[in-house]
Amino acid sequence: MNGELSAIRADQGRRLLAALALDVGRPLDHEKLANRLWDEDPPPSAVASIHTLVSRMRKQLRKAVAEEGRGASRDTPVIESGSHTYTLHADRQLIDYWRFVDLSRHARQLTENGEDVQARTVLGRAEEIWRGEPLAGLPGSWAQSTRATMTDQRLATTLLRIEIDLRLGRFTEVVPELTTLREERPTDERVAAHLLVALHGAGRPAEALAVYPTVVRRLRADLGTGPGETLVRLHERMLSGDPLTEPAGRATVTPRPSSAPRAVGPAPTPTGRRLIGRRDDLRRLLGASGEAVEQGGVVTVSAILGMAGVGKTTLALHAAHLMRSRFPEGYVHLNLGAHAVNQRPLAPQAVATSLLRRLGVPATTIPLDSEELFALCAEVLATRRAVVVLDDAATAAQLRPLLPPAPASLVLVTSRRRLAELPGSRPVFLDLLSVDDAVALFISVVGRERADDRGRIVEIVDHCGLLPLAIEIAASRFKARPSWTLDHLALRLSRKTGRLAEIRHDTESVARAFEMSYRSLPADQRQAFRLLGAHPGPDIGLHAAAALLGRPVDETDQLLEALLHCHLVQEDSPERYQLHDLLRDYALALMRDEGTEQEGGAALRRLLGFMLHAADQADRLLYPRRSRLPLPAFRQLPGMETLLYDLDLDSQESARDWLDTEQAALTALASHARATTHPEAAAWLAHVLAGRLDAQAYWSEAHDMHRAAAAHWRSAANDRCEARALIDLGATLANASRYPAAFKALDRGLALARTEQDADATAEALGLLGEVLWHQSSLTEALSRQEEALRLRRESGDRWNTARCLANIGIVQNSLGNQELALAAYQSALPLARQFNDLVFEMIILNNIGDLHLGTGNKSAARDTFQRILTSGADCMSPFDLAVVKINLASALAIPDALDHAMTLYRSALTVFRSVGGVRHEAAALNGLGDTLRSAGRPADAHDQHSLALELARSVGAGREEAAALRGLGRTEEALGHTDSAIGRLTAAITLAEQVGAADQAATAKVELARIRGHARSE
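Residues numbered from 1 in each chain as written. Predicted model: local features only at pLDDT ≥ 70, side-chain atom pairs only at ≥ 80, totals over all residues. Heavy atoms only, no water.

## Overview of the environment of His235
Point 1. By the secondary structure assignment, His235 is in helix 10 (residues 229-240).
Point 2. Here His235 falls in the buried class, since its relative accessible area comes to 11%.
Point 3. Remark: the alpha-carbon pair of His235 and Ala193, spanning 42 residues in sequence, is separated by 8.7 Å.
Point 4. Ignoring sequence-local partners within four residues, the contact set of His235 consists of Leu209 and Tyr212. (Helix = DSSP H or I, 4+ residues; strand = E, 2+ residues; numbered from the N terminus. Buried < 20%, exposed > 50% of the residue type's maximum accessible area, 1.4 Å probe, protein only. Contact = heavy atoms within 4.5 Å.)

## Details of the packing of aromatic side chains
Point 1. What the rule picks out here adds up to eleven aromatic pairs.
Point 2. An aromatic cluster of at least three residues, connected via ring pairs, comprises Phe514, Tyr518, Phe529 and Tyr586. (Phe/Tyr/Trp six-rings, centres within 6.5 Å; stacked < 30°, edge-to-face > 60°.)

## Considering the nonpolar core
Point 1. With 238 residues, the main nonpolar core has Phe442, Val510, Phe514, Phe529, Phe610, Trp658 and Ile845 as its most contacted residues.
Point 2. With residues up to four places along the chain from it excluded, the contact list for Phe610 reads His543, Ala544, Ala547, Met640, Leu643, Leu644 and Leu647.
Point 3. In terms of nonpolar packing, the next biggest core, distinct from the first, is built from 41 residues, Ala21, Leu22, Val24 and Leu33 among them. (Core = buried A, V, L, I, M, F, W, Y, C linked by side-chain atoms within 4.5 Å.)

## Focus: unusual backbone geometry
Point 1. Look at the link from Ile895 to Pro896: it is a cis peptide, with omega at 15°.
Point 2. The topology assignment puts Pro896 in the loop between helix 38 (879-892) and helix 39 (899-916).
Point 3. Residue Arg278 is not a glycine yet carries a positive backbone phi of 60°.
Point 4. With respect to the secondary-structure elements, Arg278 resides in the loop between helix 10 and helix 11 (279-295).
Point 5. Under the relative-accessibility criterion, Arg278 is labelled buried at 8%.
Point 6. With a phi angle near 55°, Gln757 is a residue other than glycine that sits in the positive phi range.
Point 7. For Gln757, the location among the structural elements is in the loop between helix 31 (739-755) and helix 32 (759-775).

## A look at the packing of helix 42 (residues 959-975) against helix 44 (residues 999-1018)
Point 1. Direction vectors running N to C along helix 42 and helix 44 enclose 15°, while the axes themselves pass 10 Å from each other. What the angle tells us is that helix 42 and helix 44 run roughly parallel. The element helix 42 and its partner helix 44 pack so that their crossing is left-handed. Where helix 42 abuts helix 44, its residues Arg960, Ala963, Ala964, Arg967, Arg971 and Glu974 lie against Asp1000, Gln1001, Thr1004, Ala1005, Glu1008, Arg1011 and Ile1012. (Axes fitted to C-alpha atoms, helices over the stretch in contact; angles between N-to-C directions. Parallel < 35°, antiparallel > 145°, perpendicular 65-115°, else oblique. Left-handed = near helix turned anticlockwise from the far one by under 90°.)

## Notes on a negative patch on the surface
Point 1. On the surface, Asp431, Glu561, Glu571, Asp572 and Glu575 cluster together into a patch of negative charge.
Point 2. Locating Glu575 in the fold gives a position in the loop between strand 12 (570-573) and strand 13 (576-578).
Point 3. By relative accessible area, Glu575 is classed as partly exposed at 40%. (Patch = residues over 30% accessible without salt bridge, like charges linked within 9 Å, V, L, I, M, F, W, Y side chains within 5 Å. Areas by Shrake-Rupley, 256 points an atom, 1.4 Å probe, with all protein chains shown as cover. Salt bridge = Lys/Arg side-chain N within 4 Å of Asp/Glu carboxyl O. Lys, Arg positive; Asp, Glu negative; His and termini not counted. Charge placed at Lys NZ, Arg CZ, Asp CG, Glu CD.)

## Details of the sheet that holds strand 12
Point 1. Taken together, the three strands give an open sheet; going across it, the order is 11-13-12, and neighbouring strands pair in antiparallel fashion. Strands with a single pairing partner mark the edges of an open sheet, and in this sheet they are strand 11 (540-541) and strand 12.
Point 2. Bridge count between strand 11 and strand 13: two bridges; the pairing is antiparallel. The residue of strand 13 that forms the bridge with Ile540 is Tyr577. (Pairing = 2+ DSSP bridges.)

Shown next as C-alpha cells:
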C-alpha cells in the first residue's frame, strides 16, 4: 500500500488480504477463510480470530487510503460483512494479479480476431505487472497451491506471447527464453513445440531436430508416456521438409489422412469412439456372460438401451472386444438400421440372412423360406461361440424370430427403444456420464496440452448434458480450431439459444442424431415431444402433462409411455417425466422451425390454468383460514374440472404431497410466466403459493415471485391486488430478517388496503407490521399494531385470526416483562386453536408458553412443554418451526449433564436457519449455544459464539439478540478473567435493552452487572 510493504507485517494478516483479494467481489464464508489461514486445521477460536484480523485489516486499509490522500471514493477497498461471510469490494484493477489476468484474456481475444500486433502490445503491458514470485514469503499449503496456480497462469500468458512472436517471425528473439523454460519444464510439450519451431525458423535445423528425441526420453523416463499428437506431427513435418509456417506466419499442423475403413476380421478392435468410464455398465453387461462361459452354460441376450448419443454402440463394441477370446468362433457387427437416413430398418429375414453370411454359412445353403431361415439362424447361435453385435434395433419383432432361447453366442443388442418384448434378454440401461468421466472423455479427444482448466471443462461438459456423443463432437470441433480457448468454447455453448447448433463437427451433430429418433415417431407422439419441451420445470407429472398436451389423462399416459419406450423422455420416479437438456433444446428448436410456436403458447396457457387451480385447491386444503383473495373464475379453462377431479386432491396429506412434488415445477413455471406474456398468471400463482412458500421457508423464491407480482399489479393500477402482493412480500422479507424492507412493503400495503377498505388485508398488514416492529425491538409500537389488528379481527368475527393476534400480543407482552399479561393472551388463544383443530398453531402457542416458563426460571415445565411439541408436531410442523422449538429445548436442558443433547439440538437448528437465511434466529441460536458452552466450562468457545451472534444481530438490526449477545460476552469475559471488559459489555447490554424496550434482557443484565461489581469490590 502506497509503496509501504511493512504495512501488514504478520503472516496471518497477509494471508487474509491475499485470500480476500483473490476472490475480490465474492463472499468468502468463515470456514473457507479459516482453512486458508490455518491450512485446513483451524483452531476452535478461528471465527473470533478472523473477526479480529478483519477489524485490523479495515483499519490498515483506511489508513493507507488516507495516506494516499484519495479520501472515500467508489474505488476505495472495503471489507463488508455478510451472513458468515466477508467480501472485499474493490476495483479489480487495483489488484495486480487480476489486472494481469484481464490483460491476458484481452490479448487472447485479440489473437482470436487475428490482431496479433495489438495482442503483443497488451501482453507486454501484462508482463510489466508481474514482479517476482506471487505471494512471496507466505507459508502454508494454501499459499503454495495458489502460488502454483498463479505461476501456471503466468506460463500460459508467456506461451501465448511466444506463439505470437513466432507468428510474427521473431524466431531468434525467443530462443533464449524457450531454452530456459525447457530447462525448467523438461516434460512440457508446449514449450518443446515452440522451441522446435523457433530453432527451425532461426536457421538452426540440427538443434531443432534434437529437441524431439530429448523431450521423448524425458516423457518416458519421468511420466511413462509418449509425446502427444501435436508434437509428433510437428516433428514429422520437419523431417519431411514441409514448412512449419504458412506465408502469414501462423503455425500449422496438417492433419493426417483418415485411415481406410477397417474390414471386419477375426479379431476386431473397438472403433474410434472412446469408452471412458462405464465400468459398472460393463460389469452388468458381461458379468453373467463370463460366469456362464466358465460354467459351460448358456449366455443370455443383453440389450443395451438408452437415448441417442449415450454410447450404446461404443459400449457394445468394447464389450465384444473384451469377450473375443472367450467366443472365438466368429464375430459379427450388424447395423439393423432403425435410424438410418433414407432407409427402412432391416426386416427379420434380412437380419437373419446377413447374420448367417457373416458367420461364414455358405450362401447356397441359406434357406429362402422364412421359417427355415429363422430356424437355421437360431441353431447357429445356439451352437456356435461367436460374438454378435446387433446394432440399432428398431423393435423386438425385428429380432425375436431368429434368436434361440439358449444361445451359445454372446449376443449384444443396442436400441433407442426399450425392447421389453425381447424374450430372455437382460436390459442394461445406459445413463449419462459422471462429471469425472465426462471430463476424461473431453481430455482424451483434445489432448492434455489444451485441456489445462478443469473448471472450464466441467462447464463445457455440463453444457453438453454429460452426453458422450455431444462431448466428443464439441471436443473434436475444439481440437480442429487451434485458435479457440476453453473459455471461448464454454461461451459459445452457454448461449441461451443455438446450443445444439454449436455441438457439431464436420458432418456430425447431436441434432442429427435426435432427428432420426424424432422422425421415426407417429404424428401424435411428435407433437407430444415438441410440447413437452415447452415445459419450463425440471420434470412434469402425468396430470400436468395432460394439461400441457390438451389430452385426457389415459391418452397422455400412453403417449408418455411411447416416448419413454424410445428414450426421448426419462422417468426417474413413478409418473415424473423429464427431457434431457439437449432434447429439450431440440424440442424447442422444432417448435420454432416447424412454425408451431402458437401451439406451444396455447399449451403453456393450459398448463398455467391447471397448475394455478390445482395449487389453489391444495393451498385451501392445507391453509383453509389463510388471508387471501379468491381466484378469478375466468382462469378456469375447458376440461379443467375433469382433470382436477382426477388429481384426487381431497385431503391435507394429498395436498401436501402434491405441493412437495410440484414445488420446483411451480417455481419454474412462475418465473417463465413472468418472463413471457403471462405476468398476471404469475402474480396469481405467487399469491396462491404464499402460504406454502412461507411455511416451508422458500423465502428466496417467494421474494422474487411477490416482488414481481407487486410490480405487475402496480402497472395494472389494481390497488387491491397490489396491497395483497405487498403484504405477501413483507411477510417474506420479515421471515428472511430483512426488517427495514419488510416494514416498507407492509406499510405501503397497509395504506392501499385502507384506501380499498379491505378490512381483512388491513388487519393482516397490521399484524405483520407488529411482528416486524417486535423483531426490531420497537415493542410499544408493536403492541399498538397488534391490538389494532385484534380489534379488526374481533369486529369481523374471524376467530382463528383473533387467536393469531392474541398469540402475537402474548409474545410482545412477554418481551416487555409483563409475564402475567402474556400468559393471559396465550391462554385465550389456545382454546381457539384447538377449536379449529389446528395442531400446528396449537404447537406454536405452546412453544410461546414454554418460552414464558423459561423466562420465569421454571425450566422443568419448559422442558416438558418443548419435548411435547417435538413429539406431537414432528409430522405437521415445518422444519423452521421445529428448529425454533429445538433451540428453546436446548436452553432448558441441565448443563453439563445434557451438554451433548443440547449441542445436537443447536447444530440441527443452525443448519435449518442458515439454509433459509433466518439471520435473527441464527443469532438467537448462537447466543443460546454460547450460554450453554459457558455453563459447561468452555468460556473461550462461548465467546466465539456470542461474537458471531453480535455481528449477525447488528447486520439485521435485531436489538434483542444484540443485547443478548452483549450480555453473553460480558459473562464470558468475566469467566475469562477480564473483569473491566465484562463490566463494559454488560453496561452496553443494559443501555441497548432499555433503548429497545427489552425489559427482561435489561433486568437480567443488571443482576449480572451488580454481581460482578460486588465481587470486584470484595477483592
